[in-house]
Amino acid sequence: MSDFSLSDLETIVAERAKASPDESWTAKLVAHGQQKAAKKLGEEAVETVIAAIGNDRQNLVDESADLLYHLMVVLKIADIPLQDVLDELARRTSQSGLQEKANRRDP
């Protein structure tokens, strides 16, 4: 089992974002901006859902990896540290999901 974490992925994305777009897919996504990166994130989300619905275990693993990677790129472009997301998850999981949803403010 690997000790690889989302924090490791965040670090790799940050490093690769500094590379030339000719040498790095991450750098290319960052250079094209949030619209392109977010579109790719959405595509990966749909592919993940299709794999889940199809009960395709290996494809679900593969697409989930793609989804997490593209999420990290979107967060990088937005200058949102992973820790902010983890802090929000910690806040939300301090209560039941139903309780948390009831406590959300309507936009």
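Described in the following lines is the structure provided in the data block. Model, not experiment: these values are computed from the prediction. (Residues numbered from 1 in each chain as written. Predicted model: local features only at pLDDT ≥ 70, side-chain atom pairs only at ≥ 80, totals over all residues. Heavy atoms only, no water.)

## Section: a negative patch on the surface
In step 1: A cluster of acidic residues, Glu 47, Asp 56, Asp 62 and Asp 66, forms a negative patch on the protein surface.
In step 2: The residue Asp 56 is located in the loop between helix H3 (34-53) and helix H4 (57-77) in this model.
In step 3: Residue Asp 56 is classed as partly exposed on the basis of its relative accessible area, which comes to 35%. (Patch = residues over 30% accessible without salt bridge, like charges linked within 9 Å, V, L, I, M, F, W, Y side chains within 5 Å. Areas by Shrake-Rupley, 256 points an atom, 1.4 Å probe, with all protein chains shown as cover. Salt bridge = Lys/Arg side-chain N within 4 Å of Asp/Glu carboxyl O. Lys, Arg positive; Asp, Glu negative; His and termini not counted. Charge placed at Lys NZ, Arg CZ, Asp CG, Glu CD. Helix = DSSP H or I, 4+ residues; strand = E, 2+ residues; numbered from the N terminus. Buried < 20%, exposed > 50% of the residue type's maximum accessible area, 1.4 Å probe, protein only.)

## A look at the side chain of His 70
In step 1: Secondary-structure assignment places His 70 in helix H4.
In step 2: Residue classification places His 70 among the buried residues on the basis of a relative accessible area of 4%.
In step 3: In this structure the side chain of His 70 is engaged in a polar contact, spanning 2.8 Å, whose partner is the backbone oxygen of Asp 66.
In step 4: Sequence-distant contacts of His 70, that is, excluding residues within four places in its chain, are made with Trp 25, Leu 29, Lys 40, Leu 41 and Glu 44. (Polar contact = N/O pair within 3.5 Å; in protein donor to acceptor, adjacent residues only side chain to side chain. Contact = heavy atoms within 4.5 Å.)

## Some thoughts on H3
In step 1: Its 20 residues place the ends of H3 28 Å apart at the C-alpha level, agreeing with the 28 Å of an ideal helix rising 1.5 Å per residue.
In step 2: Listing the buried residues of H3 in full gives Ala 37, Leu 41, Glu 44, Thr 48 and Ala 51. All buried residues of H3 project into a common sector of 80 degrees when viewed along the axis, lining one side. Opposite the buried face of H3, by more than 90 degrees, sit the exposed residues Gln 35, Lys 39, Ile 50 and Ile 53.
In step 3: Structurally, H3 contributes buried residues whose contacts are with helix H2 (25-32) and H4.
In step 4: Asn 55 lies just past H3 and shows a positive phi near 55 degrees. (Expected span 1.5 Å × (residues − 1). Arc of directions from axis to C-beta.)

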